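Observations on the model geometry
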Amino acid sequence: MKKVAILGSTGSIGTQALDVIRGRRADFEITALTCGTNIELITEQIKEFNPKIVAVGSAEDAGRLQSIFPELDIYYGEEGQITAAESEGDILLNSLMGMRGLVPTYRAIEMGKDIALANKETLVAGGQVVMDAVSRNNVKMLPVDSEHSAIFQCLEGNKGKKISKILLTASGGPFRGYSMEELEKVTLSQALKHPKWTMGRKITIDSATMMNKGLEVIEAKWLFDVPLDRIQILVHPQSIVHSAVEFEDTSVIAQLGLPDMRIPISVALGYPDRIPYCGKGLDFFREGATLTFEEPNPEVFRCIKLAYQASEAGGSYPVVLNGANEVLVEKFLNEEISFIDIQRTLEEMLEKHNPTYNLGLEDIINIDQEIRKEIREKI
């Protein structure tokens, strides 16, 4: 039986992971669950899955839960997330949003746990540090993002084969084909309506700006040890081809399926086995009848270009890109800035940034905090 800890169990990825585990209770044991503020939902999850450790956002909520579950070990705050990450278990599913996922992931790796990673910011900001720890501790880093899971699956059985190109697909978001002038008029409600995927608010906005795809390029670089110039974004509005790999003989192997996050979650949790799934499969005569691909426009969706440039420059640039983007998305969600202000401000911050290199974990955390403070003072 595989012991699983889930950080962010009440979010989109966390709840779908529990859907997967619910159907395979003989194969999995939940050892730890964490959330931010959704105490009602995690209460139900505790009753159903009986974890040994739970962590929540605040001391007040921890006290509320303790009164309901007096025998349960309950923690709170950042240290609570870390305690849950370090607790007994075989694999940690990190579905936290943003930089909150970096330290718990690193600490779990140091404890010898495999990682099912749905927190791309961990590798965007801390790629070298995290992947060095993965190698040093001989653990597996199993991607949960649908695109990276697709690439991972395409490479299975092809280990050691030379990669010519990674083809990273993107739906294009709700504003595919828009001009810069049209982006100026985008509203929050429009940006939150993704045409294909049901996701959290932050990642939905990242998809609309296409920063999500830029962050995924950086994540792919670290996960698969591929240079940036061999990672190509393909806008694929049907979201059926989740990504592909072109090998040196020009053969392309792709992974296809309906847009359902339970599939990449099950690939990561079940690895090296595949978990049977009773959901709907791909009907090539309906959903797969027409598949189209387009080039993205990095002059309009400038977050793509900024992500490539930040990763190429290295050092603290990706930390600044990620931290500034998180705050700017938060400001947009609070309707304090416009949609187009996200990429414009990011460009300003990167242009004036004075980089540092050879970063350790504490350096990354400090730079992240500094850039967030600067953005909040600026707006």
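Our subject in this report is the structure included herewith. These figures come from a predicted structure and were not determined experimentally.

**Quick word on the overall build of the protein chain**
Scanning the protein chain for helices and strands turns up 16 helices and 11 strands. In terms of overall size, the protein chain behaves like a compact globule, its C-alpha atoms giving a radius of gyration of 20 Å where 379 residues would be expected to give roughly 21 Å. Seen through its principal axes, the protein chain has C-alpha atoms that stretch 55 × 50 × 40 Å. For the protein chain, buried positions account for 56% of its 379 residues. In the protein chain, once contacts between residues fewer than 6 apart in sequence are set aside, the share between residues at least 24 apart is 69%. Of the roughly 16600 Å² of accessible surface on the protein chain, 48% is carried by carbon and sulfur atoms. Charge separation in the protein chain, taken as the distance between the mean sites of 40 positive and 55 negative side-chain charges, equals 3 Å.

**Quick notes on unusual backbone geometry**
Following Y271, the chain continues to P272 via a peptide bond in cis, the omega torsion being 10°. Unusually for a residue other than glycine, S239 sits at a positive phi of about 55°. Counting through the fold element by element, S239 comes out in the loop between β9 (231-235) and β10 (241-247). One non-glycine residue, T250, lies in positive phi territory at about 75°. In this fold, T250 is placed in the loop between β10 and β11 (252-256). Its relative accessible area of 57% is what places T250 among the exposed residues.

**Digging into the nonpolar core**
Counting residues in each nonpolar core, the largest one holds 124 residues, and the members touching the most others are I6, L65, M141, V144, F224, L269 and L321. Take this core: its biggest share by element is 10 residues, from helix α14 (residues 317-333). Apart from residues no more than four positions distant in its own chain, V144 is found in contact with I13, L93, A116, L117, A118, S149, M261, P264, I265 and A268.

**A look at the packing of helix α6 (residues 121-137) against helix α11 (residues 211-224)**
Direction vectors running N to C along α6 and α11 enclose 5°, while the axes themselves pass 9 Å from each other. One element, α6, and the other, α11, form an angle in the roughly parallel class. Within the contact between the two elements, α6 uses L123, V124, G127, Q128 and M131 and α11 uses L215, I218, E219, W222 and L223. Residue composition of the contact of α6 with α11, by class: 7 nonpolar, 2 polar and 1 charged.

**Topic: the sheet that holds strand β5 (residues 91-94)**
What holds strands together in a sheet is hydrogen bonding between their backbones, with the strands either parallel or antiparallel. Reading across from one edge, β4-β3-β2-β1-β5-β6-β7 is the order of the 7 strands in this open sheet, with parallel pairing throughout. Every interior strand has two partners, whereas the edge strands, β4 (73-76) and β7 (141-143), have only one. Across the sheet, the mean angle separating the axes of adjacent strands is 25° when strand polarity is ignored. Helix α1 (residues 12-22) contacts β1 (2-7), β2 (28-34) and β5 of the sheet and is inclined by roughly 160° relative to β1. Of the strands in this sheet, β3 (53-56) and β4 are in contact with helix α3 (residues 59-68), which crosses β4 at around 165°.

**Some remarks on the packing of aromatic side chains**
Within this structure, the stated rule accounts for 4 aromatic pairs. When the centroid spacing of 5.3 Å and the interplanar angle of 75° are considered together, the rings of F175 and F339 count as edge-to-face. Of the two residues, F175 is situated in the loop between β8 (163-170) and α8 (180-183) and F339 in helix α15 (residues 339-352); the sequence distance between them amounts to 164 residues. When its relative accessible area of 3% is taken as the criterion, F339 is described as buried. Arranged with centres 5.6 Å apart and planes meeting at 65°, the rings of F332 and F339 form a pair that is edge-to-face. Like F332, the residue F339 is buried in the burial classification.

**Focus: the pattern of salt bridges**
This structure, assessed with the given rule, holds 30 salt bridges. D27 is paired through a salt bridge with R24; the nearest N and O atoms lie 3.0 Å apart. Its salt-bridge partner being K378, residue E348 comes within 3.0 Å of it at the nearest N-O pair. Of this pair, E348 sits in helix α15 while K378 sits in helix α16 (residues 361-378), and the two are 30 residues apart along the sequence. Residues joined in a network through salt bridges with shared partners are D19, R22, E48, D260 and R262.

**A few points about the side chain of Q45**
Secondary-structure assignment places Q45 in helix α2 (residues 39-49). Apart from residues lying up to four places away in sequence, Q45 is in contact with S9, T10, T15, L18, L33 and N50.

**Concerning the environment of V144**
When you line up the elements, V144 lands in the loop between β7 and α7 (146-155). Looking at V144, the relative accessible area reads 1%, which means it is buried. Through-space distance from the C-alpha of V144 to that of I115 is 9.6 Å; in sequence the pair is 29 residues apart.

Rules used in this analysis
- Residues numbered from 1 in each chain as written.
- Predicted model: local features only at pLDDT ≥ 70, side-chain atom pairs only at ≥ 80, totals over all residues.
- Heavy atoms only, no water.
- Helix = DSSP H or I, 4+ residues; strand = E, 2+ residues; numbered from the N terminus.
- Rg over C-alpha atoms; globule rule 2.2 N^0.38 Å.
- Buried < 20%, exposed > 50% of the residue type's maximum accessible area, 1.4 Å probe, protein only.
- Contact = heavy atoms within 4.5 Å.
- Areas by Shrake-Rupley, 256 points an atom, 1.4 Å probe, with all protein chains shown as cover.
- Lys, Arg positive; Asp, Glu negative; His and termini not counted.
- Charge placed at Lys NZ, Arg CZ, Asp CG, Glu CD.
- Core = buried A, V, L, I, M, F, W, Y, C linked by side-chain atoms within 4.5 Å.
- Axes fitted to C-alpha atoms, helices over the stretch in contact; angles between N-to-C directions.
- Parallel < 35°, antiparallel > 145°, perpendicular 65-115°, else oblique.
- Nonpolar A, V, L, I, M, F, W, Y, C, P; charged D, E, K, R; others polar.
- Pairing = 2+ DSSP bridges.
- Phe/Tyr/Trp six-rings, centres within 6.5 Å; stacked < 30°, edge-to-face > 60°.
- Salt bridge = Lys/Arg side-chain N within 4 Å of Asp/Glu carboxyl O.

Function cannot be read off these values alone, since they describe shape.
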